[in-house]
Each structure stands twice: as structure tokens, then as C-alpha cells.
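Observations on chain architecture
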Amino acid sequence: MPNSDSVAAVRSAVVSIFTNQFIWKFALSALLTGFDGSVVVTAGQAVYEVRNDLPWLAIGFVFTAIALLVTLGRIWFLTFRQARVD
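Residues numbered from 1 in each chain as written. Predicted model: local features only at pLDDT ≥ 70, side-chain atom pairs only at ≥ 80, totals over all residues. Heavy atoms only, no water.

**Remarks on helix 2 (residues 55-81)**
Compared with the 39 Å implied by 1.5 Å per residue over 27 residues, the 39 Å span of helix 2 between its first and last C-alpha is a close match. Here helix 2 has its buried residues at Ala58, Ala65, Leu72 and Thr79. In this fold, the buried residues of helix 2 make contact with helix 1 (20-49). (Helix = DSSP H or I, 4+ residues; strand = E, 2+ residues; numbered from the N terminus. Expected span 1.5 Å × (residues − 1). Buried < 20%, exposed > 50% of the residue type's maximum accessible area, 1.4 Å probe, protein only. Contact = heavy atoms within 4.5 Å.)

Now the structure itself:
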């Protein structure tokens with residue numbers, strides 16, 4: 001009778017490196033970024049057309065767009081800061 005060693009079965013598991021909360025925050029951040037980007041592009045075209053007639057509108061738009069970008073940057077920063085690998 002031949003000597004046959006049994007091979008130990010190795011159990012493999014799929015482990016998610018991101019939590020469900022991270023996926024939710026990432027999706028929400030992407031959705032907000034897409035929406036805010038479309039609003040800035042659409043409003044920016046209208047403001048660009050009247051920039052000579054209403055310079056205060058153009059200045060207000062620039063400050064608002066900068067504030068929006070800072071806010072989006074903070075949202076993305078908080079999203080990736082809380083991504084932990086356990």
C-alpha cells in the first residue's frame with residue numbers, strides 16, 4: 001500500500017479592506033463632487049458671458065467656487081482619513 005500523505009486544506013477568505021461606512025462615504029463624496037462640478041460648470045458659463053456687465057457677480061462666483069472646492073477637499077480628506085484596514 002503506497003504511503004499517501006493527506007494534504008491539509010487551506011481555507012481562504014475574502015476580506016474587505018474597506019468598511020461599509022467607507023464605501024457609503026466614498027459614494028456620497030463622489031456624488032457630491034459630480035453634482036457640484038456640474039453646477040460650477042453650468043453657472044460658470046453664464047457668469048463668464050456677463051463678466052463685463054456685472055463684475056461683482058464674477059467676483060462673488062469666484063469666491064463661492066473657491067469655498068466649494070475647499071469644502072469638497074475637506075469632505076474627501078475626512079472620507080480617506082477614516083478608511084482603516086483592520
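Picking up where we left off.
**Some words on the packing of aromatic side chains**
Scanning all chains against the criterion turns up 5 aromatic pairs. Between phenylalanine 22 and phenylalanine 26, the ring centres sit 6.0 Å apart and the planes meet at 35 degrees, which makes this aromatic pair tilted. Placement of both phenylalanine 22 and phenylalanine 26 in helix 1 is noted, with a separation of 4 residues, approximately one turn of the helix. According to the relative accessible area criterion, phenylalanine 22 is buried, its value standing at 7%. An angle of 20 degrees between the planes, with centres 5.7 Å apart, marks the rings of tryptophan 76 and phenylalanine 80 as stacked. Here tryptophan 76 and its partner phenylalanine 80 are both found in helix 2, 4 residues apart, which amounts to about one turn of the helix. Judged by its relative accessible area of 22%, tryptophan 76 is partly exposed. (Phe/Tyr/Trp six-rings, centres within 6.5 Å; stacked < 30°, edge-to-face > 60°.)

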